[in-house]
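Read off the chains here:
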Amino acid sequence: MTNTNFKDFGISYDILRALKGLGFTSPTEVQEKVIPIALTKRDISVKSQTGSGKTAAFGIPICELVDWDENKPQALVLTPTRELAMQVSQDIMSFGRFKRIKATAIYGKQPFAFQSSELKQKSHVVVGTPGRVMDHIERNTLDLSKVEILVIDEADEMLSMGFIELVESIISHLPKKRLTMLFSATLPKDVEKLCHKYMDNPLDIEIEKTESINQQIEHSVYVVKEAEKYALLKDITIVESPDSCIIFCRTKDNVDKIVDLLHDDGYTVDKIHGGMEQDERFNVMNDFKRGDFRYLVATDVAARGIDIDRISHVINYDMPLEKESYVHRTGRTGRAGELGKAITLVTPYEDKFLAAVEKYIGFNIDQKDAPSKQDVVIAKAAFKEKMTQQPELKVDKNEQLNENITKLYFNGGKKKKIRAVDFVGTIAKLSGVTAQDIGIIKIQDNVSYVEILNGKGAIVLKQMRDTTIKGKLLKVHIANK
Ligand code: AMP
């Protein structure tokens, strides 16, 4: 955190209020450097570690710069994974909560028709994975003519996943006059080339990695034979007794195997890998974010950008073969100023991968001896006790911000010729309510949803039961979700 105040950036009250609600008291270094420049609309390329607060570094300027009245998307954010697209869109909606900013996430595997109907509604910001964004462009369901801001998030990952041509092709569909921001944990040559090809005199910002790599995370390695890895994993978890832990494996098969073993050994555990249905992946991730269970076993799909509060330990059950992957995996812990531990199991044949990681992060990782039998015996009682307790549930920052928001359902929409302005006009005239109390409005063919802010949900609900909209009395109740 820095000594600057968000107010110093001259951002509007609506956004400051949301940041306060999210518990953001002062900007992080990347926010301090990026926000003022982005607000002047100068292109920026940012090298910054995951966990440094970069979503807000681009999300706050986006919310500040977009014009609420414009219905077509004004900002496009490209992310490499579906989980990240979802998370970034939720974060942007949180920053823009009181300006009523609507962000739409578009990603593969979710029904196309659902997304195109979302895109037909007012969407100030679209966050998507390159493949699905391109699909929408090709089918004319995403109008990019008003896009003034482009963010390429996790650019290095985007390239390593082979998205470069898609990204370039998407860029060719965007208006030339725009603010482009590129974020990357590492800046390989290809990413730099991309910056210079598609950005206008970008300002290069580099955030020292010391903050997230050295100080917040305690790194250690254990050298172990392949056949003894599982036993060591158990001993380490007993001695460390983590509150919340991600165990990374290289393959889906290994994830399946380890999760089954841990489950049989009484751990509260679940898994995420690319072979699972997307909905299931989201559900597991959400449950883990909430703190429903302590151990998540995952492949690298969970390593990127995903923001989960208070993960105390990351264990690399399998040494990552790519040095960058080490940084992304371990970046899941030690986030936003908290301390974390990163533990890596290395087999004797993997020393060259370890050497590459050490060179990359710029320091040698402490090598530790396996916990002694005695240490394990001593720690076991406390560990068992903890295993029987339900983990402490974590409060989702976004949910906290949503506390005073009620979503109302109305049984009328486009087919009854009802538009958002009709809701605003009617609700703002109710007694004790102003236009400021109205949040995001979604109009579908036969139903509509209106968010009511500032704890005014109950009084709006009561009055709307006998108030007409465009001469029609609609059924109204609190929406299911
Ligand atoms: P990110 O790098 O965007 O994934 O953010 C990492 C974590 O830091 C997230 O949990 C954010 O909610 C949190 N965060 C970002 N900026 C701030 C801030 N200025 N103050 C407190 N927490 C923050």
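Residues numbered from 1 in each chain as written. Predicted model: local features only at pLDDT ≥ 70, side-chain atom pairs only at ≥ 80, totals over all residues. Heavy atoms only, no water.

Let's talk about the overall build of the protein chain
Thinking step 1. A count of helices and strands for the protein chain gives 19 helices and 18 strands.
Thinking step 2. In terms of C-alpha radius of gyration, the protein chain reaches 24 Å, essentially the compact-globule figure of 23 Å for 481 residues.
Thinking step 3. If one aligns the C-alpha atoms of the protein chain with their principal axes, the spans along those axes are about 75 × 55 × 45 Å.
Thinking step 4. Looking at the protein chain as a whole, 54% of its 481 residues qualify as buried.
Thinking step 5. A separation of at least 24 residues holds for 77% of the contacts in the protein chain among residues at least 6 apart in sequence.
Thinking step 6. As displayed, the protein chain offers around 21,800 Å² of accessible surface, 49% of which is attributable to carbon and sulfur atoms.
Thinking step 7. Of the side-chain charges in the protein chain, 69 are positive and 69 negative, and the distance between the mean point of each set is 7 Å. (Helix = DSSP H or I, 4+ residues; strand = E, 2+ residues; numbered from the N terminus. Rg over C-alpha atoms; globule rule 2.2 N^0.38 Å. Buried < 20%, exposed > 50% of the residue type's maximum accessible area, 1.4 Å probe, protein only. Contact = heavy atoms within 4.5 Å. Areas by Shrake-Rupley, 256 points an atom, 1.4 Å probe, with all protein chains shown as cover. Lys, Arg positive; Asp, Glu negative; His and termini not counted. Charge placed at Lys NZ, Arg CZ, Asp CG, Glu CD.)

Quick notes on the confidence of the model for the protein chain
Thinking step 1. Of the residues in the protein chain, 94% reach a pLDDT of 70 or more, and the chain-wide mean stands at 89.
Thinking step 2. Throughout residues 210-214 the model reports pLDDT below 50, and contacts reaching past four residues in sequence, or to other chains, amount to 12 contacts. (pLDDT = per-residue confidence, 0-100.)

Some points on helix H2 (residues 29-39)
Thinking step 1. For H2, the complete set of buried residues consists of Val30, Gln31, Val34, Ile35 and Ala38. Angularly, the buried residues of H2 cover 105° about the axis, an arc narrow enough to put them on a single face.
Thinking step 2. Buried positions along H2 lie against strand S1 (44-47), helix H3 (54-65), strand S6 (179-184) and strand S7 (203-206).
Thinking step 3. One or two residues past the end of H2 sits Lys41, with phi positive at roughly 70°. (Arc of directions from axis to C-beta.)

Some details on empty space enclosed by the protein
One simple way to see leftover space: roll a probe sized like a water molecule over the atoms.
Thinking step 1. In the structure shown here, the tally under the stated rule is 1 cavity of 30 Å³ or more.
Thinking step 2. Computed from the structure, the largest cavity encloses a volume of approximately 50 Å³.
Thinking step 3. In this structure, the largest cavity is lined by Lys41, Leu65, Val66, Gln74, Glu148, Ile149 and Leu179.
Thinking step 4. Counted by class, the lining of the largest cavity contains 4 nonpolar, 1 polar and 2 charged residues. (1 Å grid on protein atoms, 1.4 Å probe; cavity = no way out; pocket = protein on both sides within 12 Å on 5 of 7 lines; lining within 4 Å. Points joined across faces, edges and corners; volume = space filled by probe spheres on them. Nonpolar A, V, L, I, M, F, W, Y, C, P; charged D, E, K, R; others polar.)

Examining the nonpolar core
Thinking step 1. With 46 residues, the main nonpolar core has Val34, Ile62, Ile92 and Met181 as its most contacted residues.
Thinking step 2. The element that contributes the greatest number of residues to this core is H3, accounting for 6 residues.
Thinking step 3. Apart from the residues within four sequence positions on either side, Met181 is in contact with Val34, Ala38, Ile44, Phe58, Ile149, Leu150, Val151, Ile152 and Met199. (Core = buried A, V, L, I, M, F, W, Y, C linked by side-chain atoms within 4.5 Å.)

With respect to the environment of Asp366
Thinking step 1. Within the element layout of this structure, Asp366 appears in strand S14 (residues 366-367).
Thinking step 2. Measuring from C-alpha to C-alpha, the distance between Asp366 and Thr388 comes to 32 Å, with 22 residues separating the pair along the chain.
Thinking step 3. Once residues lying within four places of it in the same chain are set aside, the contact partners of Asp366 are His219, Ser220 and Val221.

Brief notes about the pattern of salt bridges
Thinking step 1. On inspection of all chains with the given rule, the structure shows 26 salt bridges.
Thinking step 2. Of the charged contacts, one joins Asp256 and Lys271 as a salt bridge, the two residues approaching to 2.8 Å between their closest N and O atoms. Pair noted here: Asp256 is in helix H12 (residues 252-264) and Lys271 is in strand S10 (residues 269-272), with a separation of 15 residues, a long-range link.
Thinking step 3. Of the residues examined, Asp256 reaches a relative accessible area of 23% and is grouped as partly exposed. (Salt bridge = Lys/Arg side-chain N within 4 Å of Asp/Glu carboxyl O.)

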